[in-house]
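Okay, here's what each chain looks like letter by letter:
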Amino acid sequence: MHLTAAEKIREMNQRYIKIDHPPCVYDKVNHKQLSFGDFTKLNSAKIPFFHKISVSGNDARPRMSSASKDAGLEWLHSPVHLRADELVSIPEGPEMRLVTNPAGVEIRQYNSWSGWGCLPVIGNVKPFLTLFDFLTESLTKEQRTWLLQWFAYPLQNPQKNKMATAVLMYGETQGTGKSLLGTTIRKIYGSSGDVIRSSLLKTDFNAWLDGKLFIACDEMASDKRYAFSETMKTYI
């Protein structure tokens, strides 16, 4: 089936949205930011765009004319491509919303939040509590309650400000399941959660943080005791 230029733009609008801040194209299917260069590379195939041409004269009938164009560049330069001023991540918020910025200007925000990794259902949580009790056996009852509430609060209040605290789990031996607790909680957050290695904290690259509500960092051991302290304080 041949697509006109307008039809192709509308088709691409189902998947992509151009963002002014940060400057990027957001892939709504894969939930990731693309630089303009990466976007055009992914959509560099030459696509035939068809246009009707009217012909004057007796018995003249409109005919179709085609030209091969780069789909990605055509979409970026189109006045009808989908766009927003800002990319935000608002749990359980609308996909698009109008807000007034501090300068008093009305702007459009696109919400990149893609939903929870799983939905709450009535069931038996004993396996989780068994793991939790095993990993926190050295804590008091009050400390365990605090930690459970620390995990629960952002899930129950997803649009509240972040808590500005982090939990450090440590032990003298490896293989005791400490990372399993973070991995389990991360699955509740879906694509808004992640489990990372401490090596990511050594770089200035932080695009992996975009839209994240829960981060578990595995294997924080370091010869330098305070190697990640400043980076961690900034993120927290």
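This is a predicted model, so every value here is computed, not measured.

Calculation criteria
Residues numbered from 1 in each chain as written. Predicted model: local features only at pLDDT ≥ 70, side-chain atom pairs only at ≥ 80, totals over all residues. Heavy atoms only, no water. Helix = DSSP H or I, 4+ residues; strand = E, 2+ residues; numbered from the N terminus. Polar contact = N/O pair within 3.5 Å; in protein donor to acceptor, adjacent residues only side chain to side chain. Contact = heavy atoms within 4.5 Å. Phe/Tyr/Trp six-rings, centres within 6.5 Å; stacked < 30°, edge-to-face > 60°. Buried < 20%, exposed > 50% of the residue type's maximum accessible area, 1.4 Å probe, protein only. Pairing = 2+ DSSP bridges. Axes fitted to C-alpha atoms, helices over the stretch in contact; angles between N-to-C directions. Arc of directions from axis to C-beta.

Visitor: Is there a simple way to think about the side chain of Lys-28 in this case?
Guide: For Lys-28, the position within the fold is in the loop between strand E2 (24-27) and strand E3 (32-34). A polar side-chain atom of Lys-28 sits 2.9 Å from the main-chain carbonyl oxygen of Asn-13. Ignoring any residue separated from it by four or fewer positions in sequence, one finds Lys-28 in contact with Asn-13, Gln-14, Arg-15, Tyr-16, Ile-17, Leu-82, Glu-95 and Tyr-110.

Visitor: Which parts of the structure should I look at to understand the packing of aromatic side chains?
Guide: For any pair of aromatic rings, the description rests on two quantities: the centre-to-centre distance and the angle between the ring planes. Counting across every chain of the model gives nine aromatic pairs. Summarising the aromatic geometry, the rings of Trp-150 and Phe-151 are spaced 5.3 Å apart at their centres and angled 75° between planes, so their arrangement reads as edge-to-face. For Trp-150, a relative accessible area of 13% corresponds to the buried category. The class for Phe-151 is buried, based on a relative accessible area of 8%.

Visitor: In this structure, what is going on with the environment of Arg-15? I would like to understand it.
Guide: Summarising the element assignment, Arg-15 is placed in the loop between helix H1 (5-13) and strand E1 (16-21). For the pair Arg-15 and Asn-30, spaced 15 residues apart in sequence, the C-alpha separation works out to 8.9 Å. In contact with Arg-15, not counting residues within four places along its chain, are Tyr-26, Asp-27, Lys-28, Val-29 and Asn-30. For Arg-15, the side chain forms a polar contact with the side chain of Tyr-16, separated by 3.4 Å.

Visitor: It is not clear to me how the sheet that holds E2 should be interpreted in this structure. Could you clarify?
Guide: Within a sheet, neighbouring strands are paired by backbone hydrogen bonds and run either parallel or antiparallel to one another. Taken in spatial order, the six strands line up as E3-E2-E1-E6-E8-E7 in an open sheet, and their pairing is mixed. Across the chains shown, the open sheet's two edge strands, defined by having one partner strand only, are E3 and strand E7 (96-100). Adjacent strand axes in the sheet meet at a mean angle of 50° when their direction is disregarded. Relative to strand E6 (residues 83-88), E1 runs parallel, the two sharing three bridges.

Visitor: Is there a simple way to explain H1 in this structure?
Guide: Owing to its 3.6 residues per turn, the α-helix aligns residues three or four sequence positions apart on the same side. Within the span of H1, buried status applies to Ala-5, Lys-8, Ile-9, Met-12 and Asn-13. All buried residues of H1 fall inside an arc of 140° around its axis, so they share one side.

Read these as spatial facts, not as claims about activity.
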